[in-house]
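# Breakdown of the fold
Residues per chain, in single letters:
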Amino acid sequence: MNLLSDDKTVKLWEVNRQQFKFSLTGHTNWVRSVRLSPDSRLAVSGGDDKVVKLWDLRNKNNIAEFLESAGQINTVRFELFRKFLIIAFFQDFIQVEIV
């Protein structure tokens, strides 16, 4: 249901209906990775601006930011069995607990 973008936004689509839903704005450079939480209520995004953003998809708000990471963010994902985000950089990764 999501699409990466070179216009600094996260775009959400209803794939089955081929319908654009909305954009999430706030990144200052290319978005490289977006993942939905298992319950589809949250999204996490990261990219070339070295910022990870946590989004509430119900109200389309940025609810948390992790600034000035070790470098360009290549991959973000939710850890399925705990409340953690996994954030991967070029040569390293970190794990962040979300409450």
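Residues numbered from 1 in each chain as written. Predicted model: local features only at pLDDT ≥ 70, side-chain atom pairs only at ≥ 80, totals over all residues. Heavy atoms only, no water.

Let us look at the pattern of salt bridges. Here the structure, examined in full by the defined rule, presents 5 salt bridges. Put simply, Arg 32 and Asp 48 hold a salt bridge, and the shortest N to O gap is 2.9 Å. Highlighted residues: Arg 32 in strand β4 (residues 31–36) and Asp 48 in the loop between β5 (42–47) and β6 (52–56), separated in sequence by 16 residues. Between Arg 58 and Asp 56 there is a salt bridge; the shortest N-O distance is 3.6 Å. The exposure class of Arg 58 is exposed, given its relative accessible area of 56%. Of the residues examined, Asp 56 reaches a relative accessible area of 10% and is grouped as buried. (Salt bridge = Lys/Arg side-chain N within 4 Å of Asp/Glu carboxyl O. Helix = DSSP H or I, 4+ residues; strand = E, 2+ residues; numbered from the N terminus. Buried < 20%, exposed > 50% of the residue type's maximum accessible area, 1.4 Å probe, protein only.)

Residues Val 10, Leu 12, Phe 22, Leu 24, Val 31, Val 34, Ala 43, Trp 55 and Leu 57 constitute the largest nonpolar core, which totals 9 residues. Of all the secondary-structure elements, those providing two or more residues to this core are β2 (9–14), β3 (19–25) and β4. Within the second largest apolar cluster, 6 residues are counted, among which are Val 52, Ile 73, Val 76 and Phe 78. (Core = buried A, V, L, I, M, F, W, Y, C linked by side-chain atoms within 4.5 Å.)

Moving on to the pairing of β6. Burial analysis of β6 places 5 of its 5 residues in the buried class, the great majority of the element. What you see with β6 is no split at all: Val 52, Leu 54 and Asp 56 on one side and Lys 53 and Trp 55 on the other are buried throughout. In this structure, β5 lies alongside β6, joined through 5 bridges in antiparallel fashion. From the neighbouring strand, Ser 45 faces β6, where its bridge partner is Lys 53. Alignment of β6 against strand β7 (residues 61–66), held across 5 bridges, turns out to be antiparallel. Paired with Leu 54 across the strands is Ala 64, a residue of β7. (Pairing = 2+ DSSP bridges.)

On to unusual backbone geometry, then. Positive phi, normally seen in glycine, also occurs at Lys 8, with a value near 75°. Along the chain, Lys 8 turns up in the loop between β1 (2–3) and β2. One non-glycine residue, Gln 18, lies in positive phi territory at about 55°. On the secondary structure map, Gln 18 appears in the loop between β2 and β3. Given the relative accessible area of 69%, Gln 18 is considered exposed.

Remember that the coordinates give geometry; whether it matters functionally is a separate question.
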